[in-house]
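What the coordinates show
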Amino acid sequence: MFVNICQAYCTFWQKHPALLIGISLLMGSACCLSFQLYYLVVLAALILPITKNLKLFCLAIIAILIGFASILFRYPEVTLASEKVSGIGRFKPQSIKMASSPFYRSLLYQGTLIDFQTKEQTYHNLPCSIYLPIYGKRPTCNAIYEIEGHLQQKSPRFFVLKPIKKKTWKRKAPFLSLIEWRFSAKQLVSKYIHKQVSNRTTAVFLSALVTGQIDERLLTMQFGKLGLQHLLVISGFHFALLAYLLRSVFNCLFPYKITALMTLLCLSFYYVFLGDSPSIQRAYIAIAALLMGELIGYPSSGLNAIGLGLIVELCVLPLSILELGFQLTFLCTLAILLLYQPTEQLLSYFLPKRTEKERKEMPVIDKYAYNILHLLRSSFSVNIAVHIATVPLLLYLFHQFPLLSIAYNLFFPYCVALSCILLFPGLILYFIPKACSFIFKLNELFSTAILHITSYPPLKLQFSLRTDVITPTILGLYLTVLFLGAIAFHEKASLQKASNPIF
């Protein structure tokens with residue numbers, strides 16, 4: 001029995017080597033950041049089934065060592081001499097965006113403090129953020145700056161630099177960058193949407209759907225109370241929807257491979273416009289891998305695509321594993337790919353599937369009813385799969401989970417999808433003012449109505465699951481057992497499909 005299980009896992013990793021390397025990199029990075037005893041269980045579950053496959057075993061070990069070394073040498077743990085130190089540092093900006101707090105709005109510069117020299121010592125290669133007022137002239141993000149200020153440590157590998165007021169940033173080394181263009185382009189698109197949409201909240205919502213940035217705390221809070229905040233950031237949901245729209249249009253104009261190429265080029269431009277946050281990078285790499293597979297005639301699986309995204313993300317920015325966006329985007333995608341099939345099979349006992357012959361023999365009304373039930377089963381399956389994986393993580397981080405999230409995630413993503421479907425043509429038809437204005441007005445009516453649903457949820461149903469007993473060990477072991485079981489089910493289903501090709 002044990003030998004058969006190990007063989008099933010080994011077969012799974014042979015089919016999805018990119019996912020194996022990605023998870024191995026992740027575990028190596030995690031071990032360097034903060035080693036936990038349960039990591040040994042995870043590593044054993046990852047390594048033991050592939051010991052007989054020397055190639056896979058070596059790949060996994062090398063990836064673990066690379067992940068460990070990447071954090072160890074690129075981002076060594078630094079502790080400041082005191083809570084706040086003063087000095088002069090060289091800062092290289094890597095992104096800029098609007099940020100909101102309960103009291104004011106500001107510009108957030110994120111980047112690397114190449115060095116920071118105090119009277120006592122010099123610190124090197126510190127991930128750093130700088131907050132500046134939104135008014136007045138600001139430094140451009142295409143040069144390294146020498147800044148005098150006060151440095152504060154927020155965590156072992158995260159710092160905030162507060163520049164001294166009225167001290168000019170000294171421009172030292174210009175470099176080519178898309179950061180400034182990206183920020184200006186997003187501001188331009190946001191202003192255009194606000195010009196077309198009279199309702200401010202709706203304009204902020206639509207702007208977030210296309211730029212991936214939101215600085216409206218009230219809207220963020222309302223979506224957060226219902227567990228819908230993932231819809232306000234660009235993710236695989238938005239990229240998949242845009243890819244579907246582009247392919248639908250290009251299919252009417254071009255052959256199959258040219259359609260895939262044009263879709264890839266448009267998505268690449270959109271990726272450059274958005275930037276490389278974890279969810280955006282993962283979504284782009286996954287869809288780009290699938291499109292490239294179509295172009296070269298070598299189809300890629302979703303699991304290998306997510307593995308490739310994990311590899312790229314961890315090689316470019318290993319510390320991204322500390323970000324909630326990184327954790328949720330990969331966990332949700334992996335849950336959909338591995339847990340959707342067993343949850344759908346479970347729900348099929350209550351909403352059974354019909355054969356093609358049975359569907360053809362149904363009366364017209366029954367066909368429509370069946371299609372609605374099929375959509376419900378799929379929505380329930382995705383919803384359950386995602387929540388099974390993410391609820392323990394959310395309970396560990398926030399100690400509560402809104403139960404209304406389960407109900408709202410059944411239908412609200414479809415509402416957001418319709419807003420996106422109306423939004424992208426509205427922007428593309430910029431050069432046809434009347435058509436553009438009509439689409440935006442239509443979108444405003446619909447989006448305002450769906451936002452009303454999030455603003456005023458049923459008070460009597462606003463219950464939350466609360467607990468503070470989940471520890472990192474419990475969470476890690478839960479996810480390990482969950483996905484080991486999902487992999488076993490995946491391989492069992494693959495064998496059944498291979499032995500019964502008719503079904």
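What counts, and where the lines are drawn
Residues numbered from 1 in each chain as written. Predicted model: local features only at pLDDT ≥ 70, side-chain atom pairs only at ≥ 80, totals over all residues. Heavy atoms only, no water. Helix = DSSP H or I, 4+ residues; strand = E, 2+ residues; numbered from the N terminus. Rg over C-alpha atoms; globule rule 2.2 N^0.38 Å. Contact = heavy atoms within 4.5 Å. Areas by Shrake-Rupley, 256 points an atom, 1.4 Å probe, with all protein chains shown as cover. Lys, Arg positive; Asp, Glu negative; His and termini not counted. Charge placed at Lys NZ, Arg CZ, Asp CG, Glu CD. Phe/Tyr/Trp six-rings, centres within 6.5 Å; stacked < 30°, edge-to-face > 60°. Buried < 20%, exposed > 50% of the residue type's maximum accessible area, 1.4 Å probe, protein only. Lys NZ or Arg CZ within 6 Å of the ring centre and 35° of its normal. Pairing = 2+ DSSP bridges. Expected span 1.5 Å × (residues − 1). Polar contact = N/O pair within 3.5 Å; in protein donor to acceptor, adjacent residues only side chain to side chain.

Topic: the overall build of the protein chain
Each helix and strand in the protein chain was counted, giving 17 helices and eight strands. Against the globule reference of 23 Å for 503 residues, the protein chain gives a C-alpha radius of gyration of 25 Å, in line with a compact fold. Its C-alpha atoms put the protein chain at 80 × 65 × 55 Å along the principal axes. Contacts spanning at least 24 positions in sequence make up 71% of the contacts within the protein chain whose residues lie at least 6 apart. Looking at the protein chain as shown, the accessible area adds up to about 27,300 Å², and 67% of this sits on carbon and sulfur atoms. Distance between charge centres in the protein chain, computed from 44 positive and 21 negative side chains, equals 4 Å.

Looking at the packing of aromatic side chains
All chains considered together, the criterion is met by 19 aromatic pairs. Note on Y430 and F431: the rings are 5.1 Å apart at their centroids and 80° apart in plane angle, and the pair reads as edge-to-face. On the accessibility criterion, Y430 (44% relative accessible area) is partly exposed. Members of the aromatic cluster, each reached through a chain of ring pairs, are W181, F269, Y270, F273 and F424. Taking NZ or CZ as reference, K92 lies 5.1 Å from the ring centre of F175, over its face.

A short note on the pairing of strand β5 (residues 158–163)
Both faces of the sheet carry side chains from a regular strand, because those side chains alternate between them. Summarising the sheet, strand β3 (residues 122–133) and β5 pair through two bridges and their orientation is parallel. Paired with C128 across the two strands is F159, which belongs to β5. Pairing between strand β4 (residues 143–155) and β5: six bridges, direction antiparallel. Within β5, the residue paired with G149 across the bridge is P163. Linking two consecutive strands that pair antiparallel, namely β4 and β5, is a turn of two residues.

Some details on helix α6 (residues 200–211)
For α6, with 12 residues, the first-to-last C-alpha span of 16 Å sits near the 16 Å given by 1.5 Å per residue. Where α6 is concerned, the buried positions are T202, A203, V204, F205, L206, S207, A208, L209, V210 and T211. Capping the start of α6 is the job of one residue whose side-chain oxygen sits 3.1 Å from the backbone nitrogen of T201: N199. Looking one or two residues past α6, G212 carries a phi angle of roughly 80°, positive in sign.

Side note on the pairing of β3
Across 11 bridges, the pairing between strand β2 (residues 105–117) and β3 is antiparallel. Its bridge partner being in β3, Q110 is matched across the sheet by S129. The antiparallel pairing of β2 with β3 creates a hairpin that spans four residues between the two strands.

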